[in-house]
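Notes for the structure review
Spelled out, the chains give:
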Amino acid sequence: MTALAVLSVASEVYPLVKTGGLADVAGALPGALAAEGVAVRTLVPGYPKVMKALEGGTAVHAFADLFGGPARLVAGTASGLDLIALDAPHLFARDGNPYVGPDGRDWPNNAFRFAALARAAADIGLGRTPLPVPDVVHAHDWQAAMAPAYLHYAGGARPGTVVTVHNLAFQGQFPAELLGPLGLPPHAYAVDGIEYYGTIGYLKAGLQLADRITTVSPTYAAEILEPEAGMGLDGLLRVRAGALAGIINGIDVDVWNPATDPLLPAAFDARRLKGRAKAKAALQQAMGLAVDPGALVLGVVSRLSWQKGLDLLVDALPVLVGEGAQLALLGAGEPALEQGFAAAQARWPGRIGCRIGYDEALAHLIQAGSDAILVPSRFEPCGLTQLCAMRYGAVPIVARVGGLADTVIDANEMALAAGVATGLHVAPIGRERLEAALRRAASLWNDPPTWRRLQKNGMATDVSWTHPARRYAALYRDLVGRD
Ligand code: ADP
Ligand code: GLC
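Residues numbered from 1 in each chain as written. Chains lettered and ligands numbered in written order. Predicted model: local features only at pLDDT ≥ 70, side-chain atom pairs only at ≥ 80, totals over all residues. Heavy atoms only, no water.

Taking 1.5 Å per residue, 15 residues should reach 21 Å; helix α20 (residues 466-480) reaches 22 Å between its end C-alpha atoms and fits that length. When α20 is considered as a whole, its buried residues turn out to be P468, A469, Y472, A473, L475, Y476, R477 and L479. Remark: G481 follows α20 within two positions and exhibits a positive phi of approximately 70 degrees. (Helix = DSSP H or I, 4+ residues; strand = E, 2+ residues; numbered from the N terminus. Expected span 1.5 Å × (residues − 1). Buried < 20%, exposed > 50% of the residue type's maximum accessible area, 1.4 Å probe, protein only.)

Okay, structure coming up:
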């Protein structure tokens, strides 16, 4: 096997900057690819936290003017990752959310911030910096998706390009007038270029111009070819279906390991579940729930957005409480949902526990202490919390969409008889079906041997990056024509 060099380009990377699963993927895939003979360097925006982590790094390249100010590429290692930070203070030197300002609106210069990231990636790919030229430039989501466009319009020899769609709902659309300021040639503004319904579409550009497209589950790869999940891009995706592949995500099984997790009160694994009972009691305590080992605890760790279907859960709470279950929810996002859950906590004290915010340690405790994890998403490209749930012995109750459908085996009669079920599917997702699933969960909870079987099957499921990384490695090799 020849070593293959990949430049991964992402706007967030765990543990340095994270708003969602993209960071987890960008942070864990490089390590798994190393085992496949693929050397990954990751280009990330030089947010304050990134620059701090790379304090000991080396400035390897300078841009006199990158969209309105000087910038540098700083290379170094942090958290086991081989990183290149795009240090551009005029674009990235601000704390807080990487995409939205304190007023809840997108940062006004996002077009230039993420064009700069893509442009830097293209310059590395074209050998315009002293950094080694990669075989493949792999761009994640719209924030990096202009990299294939800059490489394409440079003309001439260039690395192979891959765009991965983590979420088609976020597309990065900007006014057409920015074409010149973004340094793109006039002919780029075309249907077969970066033009998208009268605007410049960053994700559209990547989907049009990358050599390969991947998304994070086979089912989502099929769903986005249809109008409902295609979000305006299904037509283009159908044209490019031959270049599209769905590769399921894994999770970092070292970060998520109940046998060694320092964030848990006690260690446990599939054979020794005692530590799980301790986590459950600690969770009930932490969330203000009645400490009762017999109560079915349902957990949620999620962004609170329309995608995640948690408004349906708010509506279904009377059934959840009526079944004698408890809810432990951690999340942040849409104010209406935050208020909805806060109100439910006030209405059903001891039964509904909510924590609004972002809390890594509590996320681990919820996975370890809940009996089941709810993921009622309207769409879900992959989803990672159901994978964490299986590893931690919480039974996932998921909408049968996207990666949720691909990773959880529904406890229907046949799957139960075959002994292979790992969770519950809700389909089609909606309030009534969700309520029915809550009732089904409560009745399975009252059948301990069956519940234990679901739990053990989940814990035995391989949710690591091993197989997915092999698929990415094969895709890269195929793309650059190497065995
Ligand atoms: P998405 O990327 O759409 O938000 P995923 O399930 O792929 O959904 O990934 C979400 C990731 O973010 C998981 O690692 C999950 O544990 C984490 N997460 C989500 N919300 C919170 C929160 N409020 N606190 C801590 N971790 C969270
Ligand atoms: C996106 C999706 C989620 C996926 C994650 C990582 O945020 O919403 O389903 O797991 O990206 O690929």
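Here the amide bond leading from Y14 into P15 is cis, since omega sits at 5 degrees, within 30 degrees of zero. Topologically, P15 is positioned in the loop between β1 (4-9) and α1 (21-34). In this structure, the amide linkage connecting A427 to the following residue, P428, adopts the cis form with an omega of -15 degrees. By the element assignment, P428 lies in the loop between β18 (424-426) and α18 (431-445). Non-glycine residue Y197 carries a positive phi angle of around 45 degrees. Relative to the helices and strands, Y197 is located in the loop between β9 (195-196) and β10 (199-201).

Let us now look at the pattern of salt bridges. Evaluated as defined, the whole model comprises 16 salt bridges. Among the ionic pairs, R272 bridges to D269, the shortest N-O distance being 2.5 Å. D269 sits in the buried class, given a relative accessible area of 15%. For the salt bridge of R440 with D410, the shortest nitrogen-to-oxygen distance reads 3.0 Å. Residue R440 is located in helix α18, and its partner D410 is located in the loop between α16 (402-407) and α17 (413-418); the two are separated by 30 residues in the primary sequence. (Salt bridge = Lys/Arg side-chain N within 4 Å of Asp/Glu carboxyl O.)

Bringing the domain arrangement of the protein chain into the picture now. Here the protein chain is described as being made up of domain 1 (4-250 + 466-480) and domain 2 (274-460). Computed from C-alpha atoms alone, the centre-to-centre distance between domain 1 and domain 2 is 33 Å. Taken together, the contact pairs 19 residues of domain 1 with 15 residues of domain 2. Linking domain 1 with domain 2 are zero salt bridges. For the pair domain 1 and domain 2, the number of links is six residue pairs in polar contact (both at pLDDT 80 or more). Of all the secondary-structure elements, those providing two or more residues to the side of domain 1 that touches domain 2 are α1 and α8 (218-223). Residues that form the side of domain 1 that touches domain 2 fall into these classes: eight nonpolar, eight polar and three charged. (Domains from an automatic or database assignment. Contact = heavy atoms within 4.5 Å. Polar contact = N/O pair within 3.5 Å; in protein donor to acceptor, adjacent residues only side chain to side chain. Nonpolar A, V, L, I, M, F, W, Y, C, P; charged D, E, K, R; others polar.)

Let's shift gears to the nonpolar core. Ranked by internal contacts, the top residues of the largest apolar core, which has 80 residues, are L43, L86, I194 and L207. Here I194 is in contact with A149, Y153, L179, L184, A188, Y189, T199, I200, G201, K204, A205 and L209, once residues within four sequence places are set aside. Core analysis: the second largest hydrophobic core is formed by 38 residues, L296, V300, V321 and V426 among them. (Core = buried A, V, L, I, M, F, W, Y, C linked by side-chain atoms within 4.5 Å.)

Assignment of secondary structure puts L444 in helix α18. Once residues within four sequence positions are removed from consideration, L444 is found in contact with A411, L424, T450, W451 and L454.

Our focus in this paragraph is the site of ligand 1. Around ligand 1, the surrounding shell holds 19 residues, and the nearest of these are G21, D24, R303, K308 and G357. Within the contact set of ligand 1, a nitrogen atom lies 2.8 Å away from a backbone nitrogen or oxygen of G357. When the free accessible area of ligand 1 is taken as 560 Å², the share hidden by the protein chains comes to 91%. Elements that contribute at least two residues to the shell around ligand 1 include exactly α1, β13 (297-304) and β14 (326-333). (Near = heavy atom within 4 Å. Areas by Shrake-Rupley, 256 points an atom, 1.4 Å probe, with all protein chains shown as cover.)

As a matter of local geometry, ligand 2 sits amid 14 residues, with H166, N249, E380, C382 and G383 nearest to it. Within the contact set of ligand 2, an oxygen atom lies 2.6 Å away from a side-chain nitrogen or oxygen of H166. With respect to ligand 2, the side chain of Q307 contributes an N or O atom lying 3.1 Å from an oxygen atom. Relative to its unbound accessible surface of 310 Å², ligand 2 loses 92% to contact with the protein. Across the shell around ligand 2, the residue classes tally to six nonpolar, six polar and two charged. Viewed by domain, the shell around ligand 2 spans two of them, domain 1 (4-250 + 466-480) and domain 2 (274-460), each represented by three or more residues.

Inspection of the entire model under this criterion finds 13 aromatic pairs. Measuring from centroid to centroid gives 5.9 Å for Y99 and F114, while their planes differ by 50 degrees, and the two rings are tilted. Placement of Y99 in the loop between α3 (89-92) and α4 (110-125) and of F114 in helix α4 is noted, with a sequence separation of 15 residues between them. Here Y99 falls in the buried class, since its relative accessible area comes to 14%. On the basis of relative accessibility, which here comes to 0%, the residue F114 falls in the buried class. Taken together, the ring pairs in this structure connect Y47, F92, Y99, F114, W142, F174 and Y202 into an aromatic cluster. One residue, R94, lies across the ring of W107, its end atom 4.1 Å from the ring centre. (Phe/Tyr/Trp six-rings, centres within 6.5 Å; stacked < 30°, edge-to-face > 60°. Lys NZ or Arg CZ within 6 Å of the ring centre and 35° of its normal.)

What the six strands build is an open sheet, ordered β15-β14-β13-β16-β17-β18; its pairing is parallel. Every interior strand has two partners, whereas the edge strands, β15 (352-356) and β18, have only one. Sheet twist, expressed as the average angle between the axes of neighbouring strands with direction ignored, equals 20 degrees. By the bridge criterion, three bridges tie strand β17 (residues 395-399) to β18 in an arrangement that is parallel. In the sheet register, A399 faces β18, and the bridge partner there is V426. Along the sheet face, helix α11 (residues 274-286) touches β13, β14 and β15 and points at about 60 degrees away from the line of β13. The sheet contacts of helix α12 (residues 310-322) involve β13, β14, β15 and β16 (372-375), and relative to β13 the element is tilted by about 165 degrees. (Pairing = 2+ DSSP bridges. Axes fitted to C-alpha atoms, helices over the stretch in contact; angles between N-to-C directions.)

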